[in-house]
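# Report on the structure
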Amino acid sequence: AQKVTQAQTEISVVEKEDVTLDCVYETRDTTYYLFWYKQPPSGELVFLIRRNSFDEQNEISGRYSWNFQKSTSSFNFTITASQVVDSAVYFCALSEGSGNTGKLIFGQGTTLQVKP
Amino acid sequence: KAGVTQTPRYLIKTRGQQVTLSCSPISGHRSVSWYQQTPGQGLQFLFEYFSETQRNKGNFPGRFSGRQFSNSRSEMNVSTLELGDSALYLCASSLLAGGYNEQFFGPGTRLTVL
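Quick caveat, the model's predicted, so the values are computed rather than measured.

### Looking at the overall build of chain A
Along the backbone of chain A there are zero helices and twelve strands. The N-to-C order of helical and strand elements in chain A reads β-β-β-β-β-β-β-β-β-β-β-β. Taking the principal axes of its C-alpha atoms as reference, chain A extends roughly 40 × 30 × 20 Å. Counting only residues that meet the buried cut, chain A has 45% of its 116 residues in that class. Here the analysis covers contacts within chain A between residues at least 6 apart in sequence; of these, 56% occur between residues at least 24 apart. Taken as a whole, chain A presents about 5,600 Å² of accessible surface, with 47% of it coming from carbon and sulfur. Across chain A, the 10 positively charged side chains and the 13 negatively charged ones have centroids separated by 2 Å.

Below is the structure:
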């Protein structure tokens, strides 16, 4: 069965600290897609990144970076020099069925609190 | 470009009633998916629609149904509401069907069942 595990329920950091959110996934598909979403208090899920299973290159976007390692089935997300505006719930998600269905399997989410 | 819109934003119903939620996808997007978010179960997939056809359905009882119109707008209906149906219902749109597409979410409809 496909599954996404975000072991960290809540993380609290002080502004400007770096923070890494962990995501471990399980799938038998050889082709799959991984996503990260941010959910601020307003409730809307904001798309951050998509990665397919054939692309293990790490990605950096401003203060955000992602580390994808198929060997450990992990897709971790790092925020460098965190800011108060980064406070939100972050979800890692996996596409089901080699991406042929629109179904995303979400982890339980990690609540990040960045204190000033 | 306008984002995904969902109406209403908040809804209070009583047990046994039925409810209809609406979702308008981003212009040009033809696929709409629905998710239920609760504190206990997290985010769970309800349905996926593409070109007015339901492509996939999650593990929910038959009280949950949906449809998509020719303009790609989608509605979901929950009949005979139960307390456990209280949740945030999120709609996501994507250009095409399939989980490999980026899905853009709306702000959700917060349903409270009393």
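### So, the interface of chain B and chain A
Interface size is commonly expressed as the accessible area that is lost once the parts come together. Contact with chain B, which involves 23 residues of that partner, is made by 20 residues of chain A. A combined buried area of about 1,700 Å² lies between chain B and chain A, and 54% of that area is made up of carbon and sulfur atoms. By the criterion of area lost to chain A, the three top residues of chain B are Leu43, Tyr100 and Phe105 of chain B, representing 32% of everything that side buries. Across the chain B-chain A interface, the total number found is one salt bridge. A salt bridge links Arg50 of chain A to Glu102 of chain B; its shortest N-O distance comes to 3.9 Å. Remark: the boundary between chain B and chain A carries three residue pairs in polar contact (both at pLDDT 80 or more). Taken together, the elements giving at least two residues each to the side of chain B that touches chain A come down to strand E4 (31-38), strand E5 (42-50), strand E6 (53-57) and strand E9 (87-94) of chain B.

### Examining the layout of surface pockets
Reported here for the largest pocket is a volume of approximately 430 Å³. Lining the largest pocket we find 25 residues, and of these Gln39, Val89 and Phe91 of chain A together with Gln37 and Arg110 of chain B sit closest to its centre. Broken down by secondary-structure element, the contributors of at least two residues to the lining of the largest pocket are strand E10 (88-95) and strand E12 (110-115) of chain A together with E4 and E9 of chain B. Looking at the lining of the largest pocket residue by residue, the classes come out as nine nonpolar, 13 polar and three charged. Here the second largest pocket defines a volume of roughly 200 Å³. Taken together, Lys103, Leu104, Ile105, Phe106 and Gln108 of chain A together with Gln41, Leu43, Gln44, Phe45, Gly58, Asn59 and Phe60 of chain B make up the full set of residues lining the second largest pocket. Put simply, the parts of the chain that give the lining of the second largest pocket at least two residues each are strand E11 (104-106) of chain A together with E5 of chain B. Residue composition of the lining of the second largest pocket, grouped by class: six nonpolar, five polar and one charged.

### Regarding the state of the cysteines
Residues and elements named next belong to chain A. Across all of its chains, the model carries two disulfides over all chains by this definition. In this model Cys23 forms its disulfide with Cys92; the gap between the sulfur atoms is 2.0 Å. One disulfide, between Cys23 and Cys92, carries an S-S torsion of -65° and so falls in the left-handed class. Separated by 69 residues along the polypeptide, Cys23 in the loop between strand E3 (19-21) and strand E4 (24-26) and Cys92 in strand E10 bring together distant segments of the chain. Comparing Cys23 with Cys92 shows no difference in burial state: the two are buried.

Criteria and thresholds
- Residues numbered from 1 in each chain as written.
- Chains lettered and ligands numbered in written order.
- Predicted model: local features only at pLDDT ≥ 70, side-chain atom pairs only at ≥ 80, totals over all residues.
- Heavy atoms only, no water.
- Helix = DSSP H or I, 4+ residues; strand = E, 2+ residues; numbered from the N terminus.
- Buried < 20%, exposed > 50% of the residue type's maximum accessible area, 1.4 Å probe, protein only.
- Contact = heavy atoms within 4.5 Å.
- Areas by Shrake-Rupley, 256 points an atom, 1.4 Å probe, with all protein chains shown as cover.
- Lys, Arg positive; Asp, Glu negative; His and termini not counted.
- Charge placed at Lys NZ, Arg CZ, Asp CG, Glu CD.
- Buried area = accessible area lost by both parts, 1.4 Å probe.
- Salt bridge = Lys/Arg side-chain N within 4 Å of Asp/Glu carboxyl O.
- Polar contact = N/O pair within 3.5 Å; in protein donor to acceptor, adjacent residues only side chain to side chain.
- 1 Å grid on protein atoms, 1.4 Å probe; cavity = no way out; pocket = protein on both sides within 12 Å on 5 of 7 lines; lining within 4 Å.
- Points joined across faces, edges and corners; volume = space filled by probe spheres on them.
- Nonpolar A, V, L, I, M, F, W, Y, C, P; charged D, E, K, R; others polar.
- Disulfide = S-S within 2.5 Å.

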